Amino acid sequence: MPGPALLTRRDFVRASTAFAAAVALNRRGVAAEPAAQDALFQNDLPIPPALARARRDATTDYYEIVQGPGRAALLQGRSTPLWGYDGIWPGPTIRALRGRTAVVRHTNALGVPTVVHLHGGETPPDSDGFPTDVVPPGASRMYTYPNTQPAATLWYHDHAMDHTGRNIFMGLAGFYLLDDPANAELGLPHGRHDVPLLIQRRACDSGGRLRYSTHRHLGEEGPIVTVNGAPSPRFAVATRKYRFRLLNGSNATPLQLALSSGEPFTVIATDVGLLPAPVECRNIRLWMAERVEVVVDFSHLAVGTSVALVDEAADGDARWVMRFDVTRVERDDSRVPERLGETPALAVEEGSPVRDFVFAGGPRGFPPVAHWTINGLDFDAGRPIATPRYGDVEIWRLTNHKRFGILGMLHTVHVHLVRFLIVDRNGRPPQVYERGWKDTVALEPGDVVRLAMRFGGYRGRYLMHCHNLEHEDASMMARYDVV
Ligand code: C2O
Ligand code: CU
Ligand code: CU
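Below, the structure is looked at part by part. All values derive from a computational prediction rather than experimental measurement.

Basis of the calculations
Residues numbered from 1 in each chain as written. Chains lettered and ligands numbered in written order. Predicted model: local features only at pLDDT ≥ 70, side-chain atom pairs only at ≥ 80, totals over all residues. Heavy atoms only, no water. Helix = DSSP H or I, 4+ residues; strand = E, 2+ residues; numbered from the N terminus. Contact = heavy atoms within 4.5 Å. Core = buried A, V, L, I, M, F, W, Y, C linked by side-chain atoms within 4.5 Å. Buried < 20%, exposed > 50% of the residue type's maximum accessible area, 1.4 Å probe, protein only. Pairing = 2+ DSSP bridges. Donors = N, O, S within 2.8 Å, 3.2 Å for Na, K, Ca; no water. Phe/Tyr/Trp six-rings, centres within 6.5 Å; stacked < 30°, edge-to-face > 60°. Polar contact = N/O pair within 3.5 Å; in protein donor to acceptor, adjacent residues only side chain to side chain. Axes fitted to C-alpha atoms, helices over the stretch in contact; angles between N-to-C directions. Salt bridge = Lys/Arg side-chain N within 4 Å of Asp/Glu carboxyl O.

Focus: the environment of valine 441
Position of valine 441 relative to the elements: it lies in strand E28 (residues 440-443). C-alpha of valine 441 to C-alpha of valine 415: the two residues are 26 residues apart in sequence and 9.1 Å apart in space. For valine 441, the contacting residues outside a window of four places in its chain are Glu290, Leu398, His411, Thr412, Val413, Phe420, Ile422, Arg425, Val449 and Leu451.

Comments concerning the nonpolar core
General note: in soluble globular proteins, nonpolar side chains tend to be found buried as a group. Ile65, Ile94, Tyr145, Tyr156 and Tyr176 are the most contacted members of the largest nonpolar core, which totals 43 residues. Counting only elements with at least two residues in this core, the list comes to strand E2 (60-72), strand E3 (80-85), strand E4 (91-97), strand E5 (101-108), strand E6 (116-119), strand E7 (140-145), strand E8 (152-158) and strand E9 (173-179). No other element matches the 5 residues that E9 contributes to this core. Those residues within four positions of tyrosine 145 in sequence are excluded, and the remaining contacts are Arg100, Thr101, Ala102, Val104, Val116, Leu118, Thr123, Ser127 and Tyr176. Within the second largest apolar cluster, 34 residues are counted, among which are Val195, Val225, Ala238 and Leu246.

Observations regarding the sheet that holds strand E14 (residues 241-248)
Backbone hydrogen bonds are what pair the strands of a sheet, in a parallel or an antiparallel way. Pairing is mixed across the open sheet formed by 7 strands, whose spatial order is E12-E11-E10-E14-E19-E16-E17. Strands at the two margins of the open sheet, each flanked by one partner only, are strand E12 (230-231) and strand E17 (273-281). Strand direction decides the pairing type here: strand E16 (residues 265-270) and strand E19 (residues 291-297), joined by 3 bridges, are antiparallel. In the strand pairing of E19, threonine 266 is matched with valine 295.

Overview of the coordination of the copper ion (ligand 2)
Taken together, His117 (NE2) and His414 (NE2) make up the protein donors of the copper ion (ligand 2), found 1.8 to 1.9 Å from the metal. Of this pair, histidine 117 sits in strand E6 while histidine 414 sits in strand E26 (residues 411-415), placing them 297 residues apart in sequence.

Examining the packing of aromatic side chains
Scanning all chains against the criterion turns up 16 aromatic pairs. For the ring pair tyrosine 145 and tyrosine 176, a centre distance of 5.6 Å and an interplane angle of 75 degrees mean the geometry is edge-to-face. With a gap of 31 residues between them, tyrosine 145 in strand E7 and tyrosine 176 in strand E9 connect regions that are remote in the sequence. Arranged with centres 5.2 Å apart and planes meeting at 45 degrees, the rings of phenylalanine 169 and tyrosine 212 form a pair that is tilted. Of this pair, phenylalanine 169 sits in helix H2 (residues 164-169) while tyrosine 212 is found in the loop between strand E10 (194-202) and strand E11 (224-227), placing the two residues 43 residues apart along the sequence.

A short note on the side chain of glutamine 200
Take glutamine 200: it is sitting in strand E10. Among the polar contacts listed, one links the side chain of glutamine 200 to the backbone oxygen of glycine 249, at a separation of 3.0 Å. Every residue in contact with glutamine 200, bar those within four places of it in the chain, is listed here: Trp89, Ile168, Ala173, Ile224, Val225, Thr226, Gly249 and Ser250.

A short note on the sheet that holds strand E22 (residues 354-364)
One open sheet holds the 5 strands; their spatial order is E23-E22-E25-E29-E27, and the pairing between them is mixed. Edge strands, defined here as strands with exactly one partner in the open sheet, are strand E23 (369-374) and strand E27 (420-425). On average, adjacent strands in this sheet sit at an angle of 20 degrees to one another, irrespective of strand direction. When strand E25 (residues 393-400) meets strand E29 (residues 448-454), the two strands line up antiparallel, connected through 7 bridges. Counted as the bridge partner of arginine 397 is arginine 450 from E29.

A closer look at the coordination of the copper ion (ligand 3)
Each pair of donors in an ideal four-coordinate tetrahedral metal site encloses 109.5 degrees, whereas pairs in an ideal six-coordinate octahedral site enclose 90 or 180 degrees. Around the copper ion (ligand 3), the donor atoms from the protein are His411 (ND1), Cys466 (SG) and His471 (ND1), and they sit 2.0 to 2.2 Å away. Of note, the copper ion (ligand 3) draws all its donor residues from one chain, in the sequence arrangement H-x54-C-x4-H. Taken together, the residues span a long stretch of sequence, with histidine 411 in strand E26 and histidine 471 in helix H3 (residues 469-473) at a distance of 60 residues. A relative accessible area of 1% means that histidine 411 is categorised as buried. You can call histidine 471 buried: its relative accessible area is 0%.

Some remarks on the pairing of E3
Judged by how many residues are buried, E3 sits mostly within the fold: 5 of 6 residues are covered. Both E2 and E3 contribute to a ladder of 6 bridges, which runs antiparallel. By the bridge assignment for E3, glycine 70 is matched with leucine 82.

Some words on the pattern of salt bridges
A full pass over the atoms with the stated rule returns 32 salt bridges. A salt bridge links aspartate 133 to arginine 461; the shortest N-O distance between them is 3.1 Å. Pair noted here: aspartate 133 is in the loop between E6 and E7 and arginine 461 is in strand E30 (residues 460-466), with a separation of 328 residues, a long-range link. By relative accessible area, aspartate 133 is classed as buried at 18%. One salt bridge in this structure joins lysine 438 and glutamate 290, with 2.6 Å as the shortest N-O distance. Taken as a pair, lysine 438 in the loop between E27 and E28 and glutamate 290 in the loop between strand E18 (284-286) and E19 lie far apart in primary sequence, 148 residues in all. Judged on exposure class, the residue lysine 438 and its partner glutamate 290 are both buried. Look at the salt bridges and you will find they share partners, linking Arg192, Arg240, Lys241, Arg328, Glu330, Asp332 and Asp333 into a network.

Regarding the pairing of E4
E4 sits mainly inside the fold: 5 of its 7 residues count as buried. Looking at chain direction, E4 and E9 are connected through 5 bridges and run parallel. Across the sheet, glycine 91 pairs through a bridge with glycine 174, a residue of E9.

Right under this line is the structure:
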């Protein structure tokens, strides 16, 4: 690989040094605060507004979204043009209820074709946002979400053929929080103490315009870390527990999240639902499109103190994702019960089908162009690479192929429609914060991961792909059909 690979190598070395420094600081019991805080934590955390219902009937809530241009503030004193759902980034949060259908009519007021996908949704095929089902500029399309699955932190984002990376980079992403009224009795923090955090890396030029490049083999990263559209924001909290729904919505930046205090997160949910019981974790690897829900308790902190959310894999300012500032005393009526959701289980039988998928690729030709494949194949909208039977449980074995046995690239593999369990990674159990229902899984170079899933819900045409968006746009995507 030419230039970019070398650059990456340097970045990696620097990132490791920074990580070591942070660990040393924590050992001395000193909060690992950034040296120059002036530029960081200047913006208040934006909370995306809830999308108001256009109307409702006995079974269904109806919503309208217009995809159009908007503006953000990424650089001090500059305004950044973007594309947003309702012109904002992140888009408005859709708060859906299990058992009630949501119908969202999207109108494309942008200059490019778009597609909407509900990531993590058990969605009928005609509403799932197949990349070739594009909505041309000026047109509208209705998407129907039955909301029959368990409560979870879902997100909606663009999925247009060949341009998903650019379209999401420009701002087309928002939360879709599926709640279950039956979960209220758990007593978890709720209302304004239940906060979605969309973490995305961005790059812009000196004029403040988003600078998107498809030319990196690694995919698009950027030096600025944003949360809900604001660079390294601060969030005023009270002395109590909060529920944070963390989503890595970056194109190609894996995160390694920790608290600067060195204290653990209490993890309560994975991609598509509550864990059976909470688990404590100091470090959470959150790769592209993955979600994890955590509870953080600020009750033992003094008013006036702060805790930062740190990305230990990042370099420079991007390490400092955001800061929680304890500003007031508040009574806490919430709790984290010992029992959260059902224990996830799937009946894998002796003859359950096993399928193999190999994720491979790299630069090809001269000058080299990045090209990625699944099982050596390019994406073909007209050809399914697997046809699981409706109702069947299958094992999918994903292999992240190393080039020449040494060079590797990370991939994060997402399967539409289904929720899966990670059986093992390289023969070992998954991380504790991965032992719940998932729809996206991280593969380091050389990893072999086995997933178990049941193909229920609907028959029809779906997708699986790498959620490094530049890999996805460069063919690391495949159609599969439930038959
Ligand atoms: Cu989040 Cu097919 O995507
Ligand atoms: Cu999806
Ligand atoms: Cu990939």
